[in-house]
Amino acid sequence: MSRDSVTLEKSKKFSARIIRLDKYLREKKCDRAISNQILRSGTSICANLSEAIYGISRGDFLHKTHIALKECAETMHWLEMLKESGDITSRQFESMKADCEELLKLLIATTKTTRNKLKISSI
């Protein structure tokens, strides 16, 4: 993965959406605990991918990318909770969910590919 990778760029755009969502939730005076959680997990995806790019080894890259994957899954959970609680509309949820699912797929593919390369290079 490079600094101009598709996954990194999509994660940056998703992070920006999460930040805007947090502002929206604060204006609506929604539960701060949930909005804090989604803000942390949603922006952590890009932060961990940015770190992964400069990893000192493929193993380090895999570790950071896997953390990004886990943060993305957590973000999906918080999006579902926001929808269930009525803090966001179904339309808002579906839009954010689509972006989150796309990132999940990219991160799963990246971690699988990296894991396979590590197995090949360790033989």
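As for the overall build of the protein
Phase 1: Helix and strand counts for the protein come out as 4 helices and 0 strands.
Phase 2: Along the protein, helices and strands appear, N-terminal first, in the series α-α-α-α.
Phase 3: Taken along its principal axes, the extent of the C-alpha atoms in the protein is 55 × 25 × 20 Å.
Phase 4: Expressed as a percentage of its 123 residues, the buried residues of the protein come to 38%.
Phase 5: Across the protein, the fraction of contacts at a sequence separation of at least 24, relative to all contacts at a separation of at least 6, is 76%.
Phase 6: Total accessible area computed for the protein in this model is approximately 7200 Å², and 54% of it derives from carbon and sulfur atoms.
Phase 7: Taken together, the 23 basic and 16 acidic charged side chains of the protein have centroids lying 4 Å from each other.

Quick notes on the environment of Glu51
Phase 1: If you trace the backbone, Glu51 turns up in helix 2 (residues 32–53).
Phase 2: Exposure remark for Glu51: the relative accessible area of 43% places this residue in the partly exposed category.
Phase 3: Residues Glu51 and Thr89, spaced 38 residues apart in sequence, show a C-alpha to C-alpha distance of 33 Å.

Comments concerning helix 2
Phase 1: Between the first and last C-alpha of helix 2 there are 32 Å, a value that for 22 residues agrees with the 32 Å anticipated at 1.5 Å per step.
Phase 2: Largest kink in helix 2: about 35 degrees, centred on Ser44.
Phase 3: The set of residues buried in helix 2 consists of Ile34, Ser35, Ile38, Ser41, Gly42, Ser44, Ile45, Cys46, Asn48, Leu49, Ala52 and Ile53.
Phase 4: Capping of helix 2 at its N-terminal end is provided by Asp31; its side-chain oxygen lies 2.7 Å from the backbone amide nitrogen of Ala33.

Observations concerning the pattern of salt bridges
Phase 1: One pass over the structure, following the stated rule, counts 7 salt bridges.
Phase 2: Lys10 is the partner of Glu102 in a salt bridge, and the nearest nitrogen-oxygen pair spans 3.0 Å. With Glu102 in helix 4 (residues 90–121) and Lys10 in helix 1 (residues 6–27), this pair connects stretches of sequence that are 92 residues apart.
Phase 3: Shared partners join several salt bridges into a network, and the residues in it are Asp22, Arg26 and Arg32.

Cut-offs and rules
- Residues numbered from 1 in each chain as written.
- Predicted model: local features only at pLDDT ≥ 70, side-chain atom pairs only at ≥ 80, totals over all residues.
- Heavy atoms only, no water.
- Helix = DSSP H or I, 4+ residues; strand = E, 2+ residues; numbered from the N terminus.
- Buried < 20%, exposed > 50% of the residue type's maximum accessible area, 1.4 Å probe, protein only.
- Contact = heavy atoms within 4.5 Å.
- Areas by Shrake-Rupley, 256 points an atom, 1.4 Å probe, with all protein chains shown as cover.
- Lys, Arg positive; Asp, Glu negative; His and termini not counted.
- Charge placed at Lys NZ, Arg CZ, Asp CG, Glu CD.
- Expected span 1.5 Å × (residues − 1).
- Bend = angle between axes of the 7 residues up to and from the residue.
- Polar contact = N/O pair within 3.5 Å; in protein donor to acceptor, adjacent residues only side chain to side chain.
- Salt bridge = Lys/Arg side-chain N within 4 Å of Asp/Glu carboxyl O.

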